[in-house]
Amino acid sequence: MLDNKIETMDRKDLEELQLKKLQATVTRLYNGVTFYKNHMDAMGLKPEHIKSLKDVANLPFTTKEDFRDTYPYGLCSVPKSEVVRIQSSSGTTGKPIVSCYTKNDLDLWANSVARGLSGIGVTNDDTVQVAFGYGLFTGGLGLHDGAQKLGCTVIPTSSGNTRKQLMLMMDLKTTTLVCTPSYALIIAETAKELGIDLTQSSLKYGMFGAEPWSTNMRTDIENKLGIKAYNIYGLTEMQGPGVAVECTAKAGMHIWEDYFYPEIINPETGEVLPEGSVGELVLTNIAREAQPVLRYRTHDITSITYEKCACGRTHARIAQINGRSDDMIKVKGVKVFPSQIESILLTVPGVEPQYQIVVDRRDGFVCDNIEVRVEVGEAAFTDRMAGLVEIKNKLNAALQSALGIKVDIKLVEPHTISRFEGKSKRIVNRSELGE
Ligand code: DLL
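Below, the structure is looked at part by part.

Each value, and the rule that gives it
Residues numbered from 1 in each chain as written. Predicted model: local features only at pLDDT ≥ 70, side-chain atom pairs only at ≥ 80, totals over all residues. Heavy atoms only, no water. Near = heavy atom within 4 Å. Polar contact = N/O pair within 3.5 Å; in protein donor to acceptor, adjacent residues only side chain to side chain. Areas by Shrake-Rupley, 256 points an atom, 1.4 Å probe, with all protein chains shown as cover. Helix = DSSP H or I, 4+ residues; strand = E, 2+ residues; numbered from the N terminus. Pairing = 2+ DSSP bridges. Contact = heavy atoms within 4.5 Å. Axes fitted to C-alpha atoms, helices over the stretch in contact; angles between N-to-C directions. Salt bridge = Lys/Arg side-chain N within 4 Å of Asp/Glu carboxyl O. Buried < 20%, exposed > 50% of the residue type's maximum accessible area, 1.4 Å probe, protein only. 1 Å grid on protein atoms, 1.4 Å probe; cavity = no way out; pocket = protein on both sides within 12 Å on 5 of 7 lines; lining within 4 Å. Points joined across faces, edges and corners; volume = space filled by probe spheres on them. Nonpolar A, V, L, I, M, F, W, Y, C, P; charged D, E, K, R; others polar.

**Remarks on the site of the ligand**
Stage number 1. Looking at the ligand, there are 20 residues lining it, with Asn231, Ile232, Thr236, Asp300 and Lys423 nearest.
Stage number 2. Asparagine 231 is positioned with one of its side-chain polar atoms (N or O) 2.8 Å from a nitrogen atom of the ligand.
Stage number 3. With respect to the ligand, the backbone of isoleucine 232 contributes an N or O atom lying 2.7 Å from a nitrogen atom.
Stage number 4. Coverage of the ligand by the protein chains reaches 94% of its 600 Å² of free accessible surface.
Stage number 5. Taken together, the elements giving at least two residues each to the shell around the ligand come down to helix 6 (138-149) and strand 7 (228-235).
Stage number 6. Ranked by residue count, the leading element in the shell around the ligand is strand 7, at five residues.

This is the structure in structure tokens:
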């Protein structure tokens with residue numbers, strides 16, 4: 001472990017530490033950020049009312065819209081002279097989300113990623129290829145700084161240019177690949193085309209994230225790359241990657257609780273749910289200087305456990321994130337997430353992990369019908385027609401039994417579904433396809 005004392009800290013001590021950091025953060029925000037002062041005043045809340053961790057539930061939520069309304073510096077709590085970095089994520093509409101960091105913030109961020117890498121066995125002997133995009137997106141620089149902090153040899157390839165990516169991977173003997181799971185699949189596919197057997201390469205570990213991916217996708221990537229693959233979670237608003245990271249136990253992602261205070265809420269009522277319930281993850285920065293955020297509504301759906309992990313760490317774990325509440329679609333009254341469909345598709349032999357969900361939206365996330373387009377592998381495609389019918393029947397049965405509804409399935413030729421070097425887009429409106 002990178003920081004044995006903190007990572008295995010007794011829960012009681014950890015909670016005491018959290019409370020102190022929380023109180024200091026709330027006081028600083030109340031005195032320094034008009035947005036929070038106004039909200040707290042309207043609720044009749046003063047920093048001294050935060051007497052226990054449970055009192056977090058009385059604090060106001062922060063939403064993506066609040067970031068837009070206060071753009072660009074309205075949530076920043078330090079003088080501009082102390083801000084040394086700005087990262088950003090683009091929304092689908094309007095102004096982007098801006099995230100400010102002091103020197104210390106960058107250090108904590110690097111630490112949270114380094115803890116994660118170290119937790120899966122990466123050391124300063126490892127060579128880490130960072131194939132997340134660099135720039136305003138937090139993936140590239142976040143993983144870069146974390147791996148460098150651990151003393152690894154960092155190769156900042158960024159995403160794209162996959163053939164060169166593979167050449168460097170082979171020549172420089174990369175041991176650790178970090179990128180989105182979708183890009184890991186492109187790398188595997190391109191290696192195959194070039195006759196490179198990655199299972200025989202120096203690659204040992206993969207750390208993937210920035211988008212939902214299923215356990216079956218993990219197995220597929222592990223087999224194709226010959227590695228052990230782990231999940232990393234994060235978001236620009238709170239910091240970037242490293243908010244939560246899987247350890248070798250592969251039993252959920254540890255949220256670094258000395259930096260973040262997590263809650264799971266009912267997304268409809270805002271009520272805090274007990275341990276183990278599935279709901280929306282809400283996060284509070286308790287160690288950040290430039291731009292601490294209170295109770296950020298992530299829209300990510302997961303559950304949390306405080307049980308000590310087999311790895312010895314005491315920090316809470318969140319379950320794999322299957323989707324965002326705004327990614328969810330409701331078909332004939334049934335809630336469906338893309339990663340659920342992905343997981344089912346990958347149980348049927350002959351099917352590739354490349355798929356698209358074409359929806360006819362009626363109202364927001366409500367759809368009358370969905371069509372799942374999925375690629376079949378080269379072998380299955382050139383095979384007898386009967387083979388394709390058999391795949392379709394199996395997919396039909398598997399999807400119907402898992403989701404409880406009938407969906408349309410369209411098998412498509414290999415390499416016809418768009419590939420993504422960054423985050424993938426699985427749900428498309430039929431109108432976007434011009435159909
Ligand atoms: O995606 C930060 C990141 C970079 C995380 C690299 C991991 C690795 P944003 O672009 O702000 O930040 O998007 C954040 O992406 O709210 C989730 O919906 C989704 N997301 C991130 N990691 C995961 C994951 C980065 N491991 C949004 N599993 C989040 C599922 C994820 N969804």
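Structure's up, so let's keep going.
**Considerations on the sheet that holds strand 8 (residues 240-246)**
Stage number 1. Taken together, the nine strands give an open sheet; going across it, the order is 4-3-5-6-7-8-9-14-13, and neighbouring strands pair in mixed fashion. Across the chains shown, the open sheet's two edge strands, defined by having one partner strand only, are strand 4 (153-155) and strand 13 (304-305).
Stage number 2. Bridging between strand 9 (residues 253-255) and strand 14 (residues 317-318) involves two bridges; their strand directions are antiparallel. Residue pairing in the sheet places methionine 253 in a bridge with isoleucine 318 of strand 14.
Stage number 3. Sheet strands in contact with helix 9 (residues 215-225) are strand 5 (176-179), strand 6 (205-209), strand 7 and strand 8, and its direction is about 130 degrees off that of strand 7.

**Points about the pattern of salt bridges**
Stage number 1. What the rule picks out here adds up to 27 salt bridges.
Stage number 2. The shortest N-O distance in the salt bridge between glutamate 16 and lysine 12 comes to 3.7 Å. With a gap of four residues between them, glutamate 16 and lysine 12 both fall in helix 2 (residues 11-32), about one helical turn apart.
Stage number 3. You can call lysine 12 exposed: its relative accessible area is 56%.
Stage number 4. The partner of lysine 64 in a salt bridge is glutamate 237, with the nearest N and O atoms 2.9 Å apart. Taken together, the residues span a long stretch of sequence, with lysine 64 in helix 4 (residues 64-69) and glutamate 237 in the loop between strand 7 and strand 8 at a distance of 173 residues.
Stage number 5. Overall, the relative accessible area of 25% leaves lysine 64 in the partly exposed class.
Stage number 6. Take glutamate 237: its relative accessible area is 3%, and that puts it in the buried class.
Stage number 7. Through salt bridges with shared partners, a single network forms among Asp360, Glu371, Arg373, Arg430 and Glu435.

**As for the environment of isoleucine 304**
Stage number 1. Structurally, the position occupied by isoleucine 304 is in strand 13.
Stage number 2. Apart from the residues within four sequence positions on either side, isoleucine 304 is in contact with Pro262, Ile264, Glu275, Gly276, Ser277, Ala316, Arg317 and Ile318.

**Points about the layout of surface pockets**
Stage number 1. Roughly 440 Å³ of internal volume is contained in the second largest pocket.
Stage number 2. Lining the second largest pocket are 23 residues, and of these Ala188, Glu189, Lys192, Lys224 and Glu352 lie nearest its centre.
Stage number 3. Secondary structure elements with two or more residues in the lining of the second largest pocket: helix 8 (181-193), strand 18 (351-363) and helix 11 (378-382).
Stage number 4. Residues that form the lining of the second largest pocket fall into these classes: nine nonpolar, five polar and nine charged.

**Describing the sheet that holds strand 11 (residues 279-285)**
Stage number 1. Strand order in the open sheet made by the four strands is 10-11-12-15, with antiparallel pairing throughout. Of all the strands in the sheet, the pair left with one neighbour each is strand 10 (260-265) and strand 15 (323-324).
Stage number 2. Judged from the four bridges that link them, strand 11 and strand 12 (residues 296-302) form a sheet pairing that is antiparallel. For valine 282, the partnering residue across the bridge sits in strand 12 and is arginine 297.

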